[in-house]
Amino acid sequence: MLRTLYDKLWDAHVVHVEPDGMTLLYIDRQLVHEVTSPQAFEGLRINGRKPWRADTILATPDHNVPTVNRRAGIADPVSRIQVETLDANCRDFGLTEFAMNDPRQGIVHVIGPEQGFTQPGVTLVCGDSHTSTHGAFAALAFGIGTSEVEHVMATQCLWQKKSKVMLVKVDGVLAKGVTAKDIALAIIGRIGTAGGTGHAIEFGGSAIRALSMEGRMTLCNMAIEAGARAGMVAADDKTIDYMRDRPYGPKGEQWQAAVAYWRTLVSDPGARFDALVELNAAEIRPQVTWGTSPEMVAAVDGRVPDPTEAPNAVKKADWERALRYMGLKAHTPISEIALDKVFIGSCTNSRIEDIWEAAEVVRVLAGAGRKVAANVKLALVVPGSGLIKAQAEAEGLDVIFREAGFEWREPGCSMCLAMNADRLEAGERCAATSNRNFEGRQGQGGRTHLVSPAMAAAAAMYGHFVDVREVML
Amino acid sequence: MRPFTQHRGRVAPLDRANVDTDAIIPKQFLKSIKRTGFGPNAFDEWRYLDHGEPGMDNSKRPLNPDFVLNLPRYQGASILLARENFGCGSSREHAPWALEDYGFRAIIAPSYADIFYNNCFKNGILPIVLPAAVVDQMFQETAAAEGYSLTVDLAAQTVITPGGEGFAFEVDGERKHRLLNGLDDIALTLQYTDEIKAYEARREQVSPWLFN
């Protein structure tokens, strides 16, 4: 029987199957943050339960943490209580936590892989939809609600029904300046935000093999924006090289055994998928979203679409509403959209490679005499973890950003969802490397355009969108 | 969890596709460490004219008269009629908590995002999938008749219109059983403790590096 990667991961974790196919699935790893966990801990307490395996849980505060002046603590009392509640819960239940001022603190989906806590072949969950990120390591990783956070803590298992599997195959070579983020947005533009509903997506093809682990994480991170709870990429040499010498990864003899197992984490040639989507990497251009759903996306050399050309009445109404909210007119060239703020960060694009890409654009444009454009009130760079921040600083990247007029901040989710003080005011327009452009996502009335780190950096320096392929020539 | 068996209630129509969980309950209310009290902030940014923050007295805030849930005819609604991909985006269980706290017991839509769909069952809310054409018909009937109500029978897996028309829907057997009886998932799973431990022992042999 030929099996997909998803089949292999699933089969390896089955504890019990009910007659209707509902399966008790063993969960190897859980990441915990402050927003979706307090009610789960409270549930454990009320019922006198303890974590089944405390060693499989890693916690960090990320959503509420300030990105400036952290030593002064959290000014917002409601946010502060939530973060302190996480600290207390981790102490009470004996869990490992990288607290706010720990140098290893960061966004859960950044620190899991960075620490080697995320490993190939595991099932990994978190009360956060972007848990799909970890599938980049040939793992089965997906977001869950708070009731299930409590359930996994108490039982080390989850009731799940097997998904269908979609293969998204991207072959060919990306143009210079086109990144994993652009692949992700191009896929969502093609299949829509519900295109992957009911499916796990495996990303394959030569363009995916050519991506770094950081790029694969960006891609899997956005699987949920295509409706798929889980995204994944088969294990290969890059996966194994990334895992080497990670603090929580296998060591010594166990390393050899683990690598031998990890090598099997690929779909068998000829295995059957329920759906297939194919893209040609060479045709993908830098992407910019224009609306209030990630599927509302165009290439940087394109235009804002005309709702009268929408495929059906529901979409037409959606597009009209989106253009009203975004303050945009049909047929406007994307490159004429001017910006008030720029945000480089989030679990999608805050890893070292993302910082490198953005810094390189800033370095080249600053060399040509540019700074952050006058109409851009705030350009933020928020690294994904304390360790990434330290690495970037050791490489002098913070100086490149600062000298050009960017702010260089402490790690956290920041302006991706604006639970801390970093946010858009009503009507402000932002180029963001995050994952959601929903109404109000970055602040009530705020207008979000999703782009890659290179595109965001270039937009900051010009004050409007520009084709990074042209300005970097 | 409150069991769901049969429910008859007034229908409120939310006529837009891809309603995301950020819209159902905006992020500032996620700072609560409680499970209850989210109802007054359900759809906050659409429902009120001002900007909402935790701790405000919501009864004193200006309502958006154009938002459908604020219309007098839909007051007391307990069944939400929606369009495709309802509940997409963030995994926040605060979304079903807010809908439940608002008073919704069932949702009817052509499709849901997976995580949201799953979260509903943990909170006594029944998310019903009906074909887009049927949902369309219900939108029209809701608009045409003030006080339009539906009867949802989970045991029979049927939605019955005021005209007596019945529409069958699918639901997983295990989910149905738990919702009908309001069962505690964790207590049920702990009945499998021996199987979980046996699995763990096998897995530790095969993948010892996951048990350090």
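Colleague: Would you mind showing me how to read the overall build of chain A here?
Modeller: When helices and strands are tallied, chain A shows 16 helices and 19 strands. Taking 473 residues into account, the globule formula puts the C-alpha radius of gyration at 23 Å, and chain A, at 21 Å, falls close to it. For chain A, buried positions account for 67% of its 473 residues. When contacts within chain A are restricted to residue pairs at least 6 apart in sequence, long-range pairs at least 24 apart make up 77% of them.

Colleague: Sorry, what's going on with the sheet that holds strand β5 (residues 149-153) of chain B here?
Modeller: Within a sheet, adjacent strands bond to each other through the backbone by hydrogen bonds, running parallel or antiparallel. Residue and element names in this part refer to chain B. Pairing is mixed in the open sheet, where 7 strands are placed in the order β4-β3-β2-β1-β5-β6-β7. Every other strand in the sheet has two partners, leaving β4 (126-129) and β7 (166-168) as the edge strands with one partner each. With strand direction ignored, the average angle separating the axes of adjacent strands in the sheet is 30 degrees. Both strand β1 (residues 6-14) and β5 contribute to a ladder of 5 bridges, which runs antiparallel.

Colleague: Help me understand the environment of G127 of chain A in this model?
Modeller: Within the secondary structure, G127 of chain A sits in the loop between β6 (123-126) and β7 (140-143). Here G127 of chain A falls in the buried class, since its relative accessible area comes to 2%. Beyond its immediate stretch of four places on either side in the chain, G127 of chain A contacts L31, H33, T36, I144 and V149 of chain A together with S91 of chain B.

Colleague: Is there a simple way to explain the packing of aromatic side chains in this structure?
Modeller: Any pair of aromatic rings gets described here by the distance separating the centres and the angle formed by the planes. Scanning all chains against the criterion turns up 21 aromatic pairs over all chains. Here F137 of chain A and Y242 of chain A contribute two aromatic rings whose centre-to-centre distance is 5.1 Å and whose plane-to-plane angle is 65 degrees, an arrangement assigned as edge-to-face. Taken together, the positions of F137 of chain A in the loop between β6 and β7 and Y242 of chain A in helix α9 (residues 237-243) put the pair 105 residues apart, joining distant regions of the chain. The pair formed by F137 of chain A and Y242 of chain A is uniform in burial state, with each residue classed as buried. Plain terms: the ring middles of F86 of chain B and Y112 of chain B are 6.5 Å apart, the flat faces sit at 90 degrees to each other, and that makes the pair edge-to-face. Remark: Y112 of chain B occurs in the loop between β3 (106-109) and α4 (114-121) and F86 of chain B occurs in the loop between β2 (79-82) and α3 (94-102); sequence separation between them is 26 residues. This pair shows no difference in class: F86 of chain B is buried, exactly as Y112 of chain B is. These aromatic residues form a ring-pair network of at least three members: F86, Y112, F116, Y117 and F121 of chain B. Directly above the ring of Y242 of chain A sits R246 of chain A, whose terminal nitrogen or CZ lies 3.8 Å from the centroid. For R61 of chain B, the ring lying beneath its charged end belongs to Y48 of chain B, and the centroid distance is 3.8 Å.

Colleague: Just checking my understanding: could you explain the packing of helix α12 (residues 352-367) of chain A against helix α15 (residues 453-462) of chain A for this structure?
Modeller: When two helices pack together, their arrangement is given by the angle between the helix axes and by the axis-to-axis distance. Residue and element names in this part refer to chain A. It is the contact of α12 with α15, at a shortest axis distance of 8 Å, that shows an interaxial angle of 30 degrees. Of the possible angle classes, the one that applies to α12 and α15 is roughly parallel. Note on packing geometry: the crossing formed by α12 with α15 is right-handed. Between α12 and α15, the contacting residues are D354, E357, A358, V361, V362, L365 and A366 on the first element and P453, A454, A457, A458, M461 and Y462 on the second.

Colleague: What should I look at first to understand the confidence of the model for chain B in this one?
Modeller: When pLDDT drops low, the exact placement of atoms in the prediction is not to be read closely. Put simply, chain B has an average pLDDT of 97, and 100% of its residues get 70 or more. Across the whole predicted complex the pTM is 0.97, and at the interface the ipTM reaches 0.95.

Colleague: I would appreciate a short explanation of the environment of N123 of chain B in the present structure.
Modeller: Residues and elements named next belong to chain B. Its location among the elements puts N123 in the loop between α4 and β4. What makes N123 buried here is its relative accessible area of 13%. A polar contact is formed between the side chain of N123 and the side chain of E93, at a distance of 3.0 Å. Within polar-contact distance, the side chain of N123 engages the side chain of W97 at 3.0 Å.

Colleague: Where do I start with the interface of chain A and chain B in this structure?
Modeller: Interfaces are frequently sized by the accessible area removed from exposure as the parts join. Taken together, the contact between chain A and chain B spans 77 residues of the former and 61 residues of the latter. The junction of chain A with chain B conceals about 5700 Å² of combined surface from both sides, 52% of it contributed by carbon and sulfur atoms. Counting across the interface, chain A meets chain B through 7 salt bridges. We note a salt bridge from R441 of chain A to D22 of chain B, for which the minimum N-O separation is 3.0 Å. Put simply, chain A and chain B have 39 residue pairs in polar contact (both at pLDDT 80 or more) between them. Elements represented by at least two residues in the side of chain A that touches chain B include exactly β1 (14-17), β2 (23-26), α2 (38-46), α3 (77-93), α5 (146-155), β8 (157-160), α10 (252-262) and α11 (313-326) of chain A. Considering every element that reaches the side of chain A that touches chain B, the biggest residue donor is α5 of chain A, with 7 residues.

Colleague: Sorry, what's going on with the nonpolar core here?
Modeller: What tends to happen in soluble globular proteins is that the nonpolar side chains get buried as a cluster. Of all hydrophobic cores here, the largest spans 113 residues; its most connected members are F406 of chain A together with F43 and F86 of chain B. With sequence-adjacent residues up to four places away left out, F86 of chain B is seen in contact with L14, V19, I24, L80, L99, I107, A109, S111, Y112, A113 and F116 of chain B. Ranked by size, the runner-up nonpolar core spans 99 residues in total, among them V32 and V170 of chain A together with I186 and I196 of chain B.

Colleague: When you look at the pattern of salt bridges in this model, what are you seeing that I'm missing?
Modeller: A side chain of one charge can pair with a side chain of the opposite charge when the charged atoms of the two come close. Residues and elements named next belong to chain A. According to the stated counting rule, one finds 48 salt bridges over all chains in the structure shown. The residue R321 makes a salt bridge to D318 at a minimum N-O spacing of 3.5 Å. Here D318 and R321 lie together in helix α11, a separation of 3 residues that amounts to about one turn. A salt bridge links D422 to R409, with the shortest nitrogen-to-oxygen separation between them at 3.2 Å. Highlighted residues: D422 in the loop between β17 (407-408) and β18 (429-432) and R409 in the loop between β17 and β18, separated in sequence by 13 residues. There is no split in this pair, since D422 and R409 are both buried.

Colleague: Can you walk me through the side chain of S79 of chain A in this structure?
Modeller: In this structure, S79 of chain A sits in helix α3. On the basis of relative accessibility, which here comes to 2%, the residue S79 of chain A falls in the buried class. Side-chain polar atoms of S79 of chain A contact the side chain of N64 of chain A, separated by 2.7 Å. Excluding residues that lie within four positions of it along the chain, S79 of chain A makes contacts with N64, I74 and M419 of chain A together with K31 of chain B.

Cut-offs and rules
Residues numbered from 1 in each chain as written. Chains lettered and ligands numbered in written order. Predicted model: local features only at pLDDT ≥ 70, side-chain atom pairs only at ≥ 80, totals over all residues. Heavy atoms only, no water. Helix = DSSP H or I, 4+ residues; strand = E, 2+ residues; numbered from the N terminus. Rg over C-alpha atoms; globule rule 2.2 N^0.38 Å. Buried < 20%, exposed > 50% of the residue type's maximum accessible area, 1.4 Å probe, protein only. Contact = heavy atoms within 4.5 Å. Pairing = 2+ DSSP bridges. Axes fitted to C-alpha atoms, helices over the stretch in contact; angles between N-to-C directions. Phe/Tyr/Trp six-rings, centres within 6.5 Å; stacked < 30°, edge-to-face > 60°. Lys NZ or Arg CZ within 6 Å of the ring centre and 35° of its normal. Parallel < 35°, antiparallel > 145°, perpendicular 65-115°, else oblique. Left-handed = near helix turned anticlockwise from the far one by under 90°. pLDDT = per-residue confidence, 0-100. Polar contact = N/O pair within 3.5 Å; in protein donor to acceptor, adjacent residues only side chain to side chain. Buried area = accessible area lost by both parts, 1.4 Å probe. Salt bridge = Lys/Arg side-chain N within 4 Å of Asp/Glu carboxyl O. Core = buried A, V, L, I, M, F, W, Y, C linked by side-chain atoms within 4.5 Å.

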